[in-house]
Every structure is written in C-alpha cells, then in structure tokens.
Amino acid sequence: MSITENVKTVKQRVAEAAVRSGRAPEEVRLCAATKMNDAPRVREAVEAGVDICGENRVQELTEKYEQGAYTGCPLHFIGHLQKNKVKYLIGKVQLIESVDCMELLEAIDKKAKSMGIVQDVLLEVNIGGEAAKSGFAPDELEQYLPQMAQFSAVRVRGLMAIPPICEKTEEIRPYFRSMKQLFVDIGAKKYDNVSMDFLSMGMSADFETAIEEGANIVRVGTGIFGARHY
Ligand SMILES: *Cc1c(COP(=O)(O)O)cnc(C)c1O
C-alpha cells in the first residue's frame with residue numbers, strides 16, 4: 001500500500017471512530033508521526049491530507065523543515081525535548097506536545113518571550129507511572145497547574161500521553177479513560193494560561209480506542225508509512 005492509500009484508510013478509520021464517540025469526523029485530527037521518513041515521503045502524507053506532521057527529533061525536524069517537507073501543514077514536536085534544543089523549535093512548530101517537566105516549560109517561556117511569540121504546548125502525562133518514561137505524574141499535575149500563570153509566553157492547550165505497551169488493545173483503554181478524566185477535571189477548573197483543548201493519545205495500534213475514549217489528536221506512524229527500519 002502506498003502512503004497516499006494508507007492516509008486515506010487511516011482517515012476513514014479516524015472518522016468512523018469519531019462518529020462512534022459522538023463527534024464529527026473533523027473534531028479529531030490525524031497527526032502523521034513522521035520520524036525516520038524523509039522529506040518526499042512526508043510530502044506524500046501531507047498531500048494525501050494528514051492534518052498535522054509530528055516530528056520526534058530536533059535534528060530531523062530542522063533538516064526536513066529546510067527541505068519544505070511540512071509546508072502548508074501544521075507541525076508539532078512530539079518527542080523528548082532537551083532544554084538546549086528549544087531554540088531550534090520556537091517559531092517553527094505550532095505545538096510542542098511533549099512538555100514533560102517544569103524546567104522545560106521555563107526554557108520554552110524564555111525563548112518564546114525573547115522572540116515575541118506565545119508558544120502553545122501540551123503537558124505530557126506519565127499515565128502508566130513508568131520509571132522509564134518522562135512526563136508529569138497524574139497525581140502531581142494539579143499542583144503544577146497554578147504555576148503556569150508565571151509563563152506569559154506559554155499557553156498550555158491540553159494533555160498528551162503514551163500509555164504502557166499492552167498486549168491487547170482492551171488493556172490500554174483504562175489508561176486512555178484516565179487521561180480523559182484528567183482532561184475533563186482540569187478543564188473544569190480555571191487556571192491562568194491553561195485551557196484543555198487538545199487530548200493527544202493513540203498510535204497505530206490503538207488510535208481507534210483512544211478516539212472512543214476522547215482523544216482529539218491521534219499520532220500515527222507505521223499505519224501511514226509502514227514499518228520503520230532502524
Ligand atoms: C513514533 C511515535 C508515534 C507513532 O507510533 P506508531 O506506532 O508508528 O504509530 C506516536 N507518538 C510518538 C510520540 C511517537 O514517537
């Protein structure tokens with residue numbers, strides 16, 4: 001199957017899952033996780049109609065950005081981000097989905113302020129409490145939210161998660177459900193600089209389950225580009 005055909009199929013599945021969850025198809029955005037795919041392959045996905053490109057590594061993003069891979073398509077950063085690399089992203093990406101600690105928020109705020117930009121971000125939640133994964137612990141998230149007011153050049157627009165790998169799709173559903181609960185609970189409170197607009201969760205193996213549980217951004221790599229060759 002070609003990238004174009006895969007995008008068509010995935011979009012159709014996204015739309016059907018959206019409708020199953022009582023939403024309009026256009027309320028759920030398809031983010032192509034483009035890691036390890038070169039600029040021409042990314043272009044094919046963009047032209048086939050993905051809503052967003054999501055890149056994992058700053059180096060890859062910079063190269064493909066210069067090659068015009070993402071032109072005309074919103075660009076998100078979705079990988080682990082080091083503070084010293086923030087400077088390469090501000091002004092290029094619409095959303096940094098993977099903000100996993102306060103120090104990173106500080107660095108983003110500082111750089112965005114210096115450029116006169118307000119940077120939208122999502123907070124990454126370590127929903128499975130996994131030692132090997134970064135992100136805010138679900139039960140400590142609320143204690144940090146009042147502190148978002150101090151970052152005038154950052155707007156928190158929602159939450160992102162990568163749940164633990166599960167053998168069966170149904171095992172992952174409770175993690176998605178907990179994320180939706182957090183999203184709703186936080187949204188019901190009023191914190192300065194915080195609005196719960198985007199809930200980014202679900203990948204190739206489980207994006208339909210994620211949508212059924214309330215995701216409105218899904219990040220799909222293999223389902224669009226095929227298996228990655230490391
Ligand atoms: C690679 C990646 C994805 C997509 O994974 P697939 O299983 O290939 O769909 C989604 N989110 C993040 C953060 C990724 O790094």
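I will try to describe carefully the structure that is included in this document.

What counts and what doesn't
- Residues numbered from 1 in each chain as written.
- Predicted model: local features only at pLDDT ≥ 70, side-chain atom pairs only at ≥ 80, totals over all residues.
- Heavy atoms only, no water.
- Helix = DSSP H or I, 4+ residues; strand = E, 2+ residues; numbered from the N terminus.
- Salt bridge = Lys/Arg side-chain N within 4 Å of Asp/Glu carboxyl O.
- Buried < 20%, exposed > 50% of the residue type's maximum accessible area, 1.4 Å probe, protein only.
- Expected span 1.5 Å × (residues − 1).
- Contact = heavy atoms within 4.5 Å.
- Phe/Tyr/Trp six-rings, centres within 6.5 Å; stacked < 30°, edge-to-face > 60°.
- Lys NZ or Arg CZ within 6 Å of the ring centre and 35° of its normal.
- Pairing = 2+ DSSP bridges.
- Right-handed = clockwise from strand over helix to strand, strands pointing away.

Peptide bonds are, in most cases, trans, and in most cases residues other than glycine have a negative phi. One non-glycine residue, Met36, lies in positive phi territory at about 70°. With respect to the helices and strands, Met36 occurs in the loop between β1 (29-33) and α2 (39-47). A positive phi angle, close to 70°, is found at Asn193, a residue other than glycine. By secondary structure assignment, the location of Asn193 is in the loop between α6 (169-188) and β7 (194-200).

This part is about the pattern of salt bridges. Evaluation of the coordinates by the stated rule reveals 17 salt bridges. Here Asp120 makes a salt bridge to Arg155, at a shortest N to O gap of 2.9 Å. Here Arg155 lies in strand β6 (residues 154-161) and Asp120 lies in strand β5 (residues 119-125), a separation of 35 residues in the sequence. Judged by relative accessible area, which is 40%, Arg155 ranks as partly exposed. Linked by salt bridges that have partners in common, Arg20, Glu170, Arg173, Arg177, Glu212 and Glu213 make up one network.

In a regular helix each residue adds 1.5 Å, so 14 residues correspond to 20 Å; helix α4 (residues 102-115) covers 20 Å between its end C-alpha atoms and thus fits that length. Among the residues of α4, those classed as buried are Met102, Leu104, Leu105, Ala107, Ile108, Asp109 and Ala112. Taken together, the buried residues of α4 touch β4 (95-99), β5, α5 (141-144) and β6. Once α4 finishes, Gly116 follows within two positions and takes phi at roughly 70°, a positive value.

The relative placement of two aromatic rings is captured by the distance of their centres and the angle of their planes. Within this structure, the stated rule accounts for one aromatic pair. Across from the ring centre of Tyr65, 5.4 Å away, lies the NZ or CZ of Lys92, which sits over that ring.

This paragraph deals with the pairing of strand β2 (residues 52-55). Each regular strand displays side chains that alternate between the two surfaces of the sheet. Neither face of β2 is exposed, since Ile52 and Gly54 on one face and Cys53 and Glu55 on the opposite face are all buried. Across three bridges, β1 lies against β2 in parallel orientation. In the sheet register, Ala33 faces β2, and the bridge partner there is Gly54. Crossover β1 to β2 through α2 is right-handed. Pairing geometry for β2 and strand β3 (residues 75-77), over three bridges, is parallel. Directly across from Glu55, in β3, lies its bridge partner Phe77. Crossover β2 to β3 through helix α3 (residues 58-66) is right-handed.

A few words now on the pairing of β6. Of all eight residues in β6, seven are buried, a share of seventy percent or more. Bridge analysis of β6 against β7 gives four bridges, and the strand direction is parallel. Counted as the bridge partner of Gly158 is Phe198 from β7. One crossover worth recording links β6 to the parallel β7 by way of α6, and it is right-handed.

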